[in-house]
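These are the residues of each chain, in order.
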Amino acid sequence: MKGYTGTLKSGEAVYYQDKKRLLWSLSVIYPLQPFIGIWLYTKTGVEAWLLLPIGLSYILAPLLDWLLGEDENNPPEAVVLQLDADRYYRWLTYTVVPIHFVSLIGVAWWAGTHAISTWAFLGLAVIAGLASGLGINTGHELGHKKSRLERTLTKIVLAVPVYGHFWIEHNRGHHRDVATPDDPASARMGESIFKFAMREIPGAFRRGWQIEKDRLERRGTTAWNTNNQILQSMALSLVLQLGLVIALGLQMIPFLLVHNVMAWWQLTSANYVEHYGLLREKDANGRYERCQQHHSWNSNHIFSNLVLFHLERHSDHHAHPLRRYQSLRHFEKVPALPSGYFGSYLLAYVPWLWYRVMDKRLLQLAHIDGDLNKINIDPEKRQKIYAKYGRPDQLQPVVGQNNSTDGAA
Amino acid sequence: MSQYRCPECGYIYDEELGDGFEGFAPGTPFADLPSEFACPDCSVRDKEDFEKVS
């Protein structure tokens, strides 16, 4: 296995091997899981097998996270540049791009050409959407990089879930506004994931479009221009999805609608758990403090990190957005989710249970220590939350102050 | 004409070159960039965070 040598500040030589080097390829093959269900169906004739990937994502993945546990190992800082420069890791992110197309086209073709029940047909649309949600994650990893190739691949892969605006709004909007009430992609305490989705999905699109429109207007053109990076990706989406409708018939319209919404829902789920309730403070000039390690929820669970390009080491990602997945670090005492992302999603889908687990964790964070004024709270839940968790020494909530604005830019 | 560097990711804004992709014409002074300007590459450093390098 390849190793890296470096020198610590103390002058001591250090040698590092990434024990997960080969295992990162799981992020590449994971979007192919719909074909496992299809293969089992062809062997047994039992339609329920087609839905197996739902169980893989929401039962097996949390179970594996629990069984395999967490990995807190970090690469030494002295070798991070070498690790980042190792082309093997970026080739994995390139390789998965066509796999997302194979996954959608393959599942759509199979569903559209076999006599299966309506529920199995729509179930396959859901499963294809789960796989394409991983495509947004691929776009996330690629979209933070500077190279022309990686940015082009970002636009290509985001065409699969029809989410071409994502990398612009995420890089230029979410990373700027994260953990503030101004960010439609940061969830508030007391806000259910379902309410969050209604704010996040349209809010993120509007913000992404506005950012791109502003850039093009500075260049002296309108947003409706071939240089619009959102439209470039959306044009490919149109070719892909219209092609599927033409090739496989009108039945593809509901299939693709369900697929697209399910893919978006995966991102919504990730956004929801990543910053729930966390709030950056303002300085005397009204400027938000820089995003700190305690402004993201993290998880070191091994399996889900291996299939999500280390997305769950989220604090380091926000501190250093261009840092490649293999180099992201764990930090002591950062906000920690109770499970990896897939298990946390399950928890989020049951809001009362989510609040029960997460509100307590939120209030116990060292930088918050029960102070509700340091939490990003859903304005509609402020009175209720202050009544439930407020301390006598805390200011009473004032409507319109700090974290009571409605956010979506 | 000066250059300004993002302390996080190393992006350089060169006043002589501007940044055509971002819509800042050659010769645009750093001071004339919008107040909400953030690093086009990493977005986590604002205009006031940039360091003058030459």
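Bear in mind that the values here come from a model prediction, so they are computed numbers and not experimental data.

Parameters and conventions
- Residues numbered from 1 in each chain as written.
- Chains lettered and ligands numbered in written order.
- Predicted model: local features only at pLDDT ≥ 70, side-chain atom pairs only at ≥ 80, totals over all residues.
- Helix = DSSP H or I, 4+ residues; strand = E, 2+ residues; numbered from the N terminus.
- Rg over C-alpha atoms; globule rule 2.2 N^0.38 Å.
- Buried ≥ 20, exposed ≤ 12 C-beta atoms within 10 Å, placed from the backbone.
- Contact = placed C-beta atoms within 7 Å.
- Pairing = 2+ DSSP bridges.
- pLDDT = per-residue confidence, 0-100.
- Expected span 1.5 Å × (residues − 1).
- Arc of directions from axis to C-beta.

> What is the right way to read the overall build of chain B from this model?
Counting its secondary structure elements, chain B contains 0 helices and 3 strands. Along its sequence from the N terminus, chain B presents helices and strands in the succession β-β-β. Against the compact-globule benchmark of 10 Å for 54 residues, chain B has a radius of gyration of 10 Å, which places it among compact chains. Each principal axis of the C-alpha atoms in chain B carries an extent, and together these give about 25 × 20 × 15 Å. Residues counted as buried form 20% of the 54 residues belonging to chain B. Residue pairs at least 24 apart in sequence account for 51% of intrachain contacts in chain B once pairs closer than 6 positions are excluded.

> Explain the overall build of chain A here, please?
Secondary structure assignment for chain A yields 16 helices and 2 strands. A globule of 409 residues ought to have a C-alpha radius of gyration of about 22 Å, and chain A, at 22 Å, matches this closely. Each principal axis of the C-alpha distribution contributes one length, and for chain A these read about 65 × 55 × 55 Å. Here chain A, with 409 residues, has 46% of them falling under the buried criterion.

> What am I meant to see in the sheet that holds strand S1 (residues 3–5) of chain B here?
All names here are of chain B. What the 3 strands build is an open sheet, ordered S2-S1-S3; its pairing is antiparallel. The strands lining the two open edges of the sheet, one partner per strand, are strand S2 (12–14) and strand S3 (51–52). Strand direction decides the pairing type here: S1 and S2, joined by 3 bridges, are antiparallel. Looking at the pairing, Gln3 lines up with Asp14 of S2.

> Just checking my understanding: could you explain the pairing of strand S1 (residues 3–7) of chain A for this structure?
Remember that side chains alternate between the two faces of the sheet whenever the strand is regular. All names here are of chain A. Burial within S1 is sparse, with just 0 of its 5 residues counted as buried. Where S1 meets strand S2 (residues 13–17), 5 bridges bridge the pair, whose relative direction is antiparallel. Paired with Gly6 across the two strands is Val14, which belongs to S2. The turn linking S1 back onto S2 is made up of 5 residues, and Gly11 within it adopts a positive phi angle of 95°.

> Looking at this structure, how should I read unusual backbone geometry?
Glycine aside, a negative phi is what most residues show, and trans is what most peptide bonds show. Residues and elements named next belong to chain A. Despite not being glycine, Phe309 shows a phi value in the positive range, around 50°. Of the residues examined, Phe309 has 25 C-beta atoms within 10 Å and is grouped as buried. Located in the positive-phi region is His310, a residue other than glycine, with phi close to 65°. Mapped onto the secondary structure, His310 falls in the loop between helix H12 (302–307) and helix H13 (314–319).

> Looking at this structure, I do not really get the confidence of the model for chain A. What am I missing?
Caution applies to low-pLDDT regions: their predicted coordinates should not be interpreted in detail. When the pLDDT values of chain A are averaged, the result is 94; 96% of them are 70 or greater. Confidence drops under a pLDDT of 50 for residues 403–409 of chain A, and excluding neighbours within four residues, the segment shows 25 contacts in the predicted structure.

> Could you clarify how one ought to interpret the environment of Glu289 of chain A in this entry?
All names here are of chain A. In this structure, Glu289 sits in the loop between helix H11 (252–275) and H12. Look at Glu289 and you get partly exposed, because 13 C-beta atoms sit within 10 Å. Distance in space between the C-alpha atoms of Glu289 and Ile385 is 25 Å, their sequence separation being 96 residues. If we ignore the near neighbours within four places in the chain, the residues touching Glu289 are Arg280, Glu281 and Asp283.

> Just checking my understanding: could you explain helix H10 (residues 229–248) of chain A for this structure?
Residue and element names in this part refer to chain A. For H10, built from 20 residues, the straight-helix expectation of 28 Å at 1.5 Å per residue is met to within 8% by its first-to-last C-alpha distance of 29 Å. Taken together, the buried positions of H10 are Gln229, Ile230, Ser233, Gln241 and Leu244. For H10, the angular spread of buried residues about the axis comes to 100°, placing them on one side. Seen from the buried face of H10, the exposed residues on the opposite side, beyond 90 degrees, are Val239, Leu242 and Ile246. Its buried side turned inward, H10 meets helix H5 (87–113), helix H7 (148–157), helix H8 (166–177), helix H9 (193–218) and H11. Where H10 terminates, the next one or two residues include Gly249, which has phi positive at roughly 95°.

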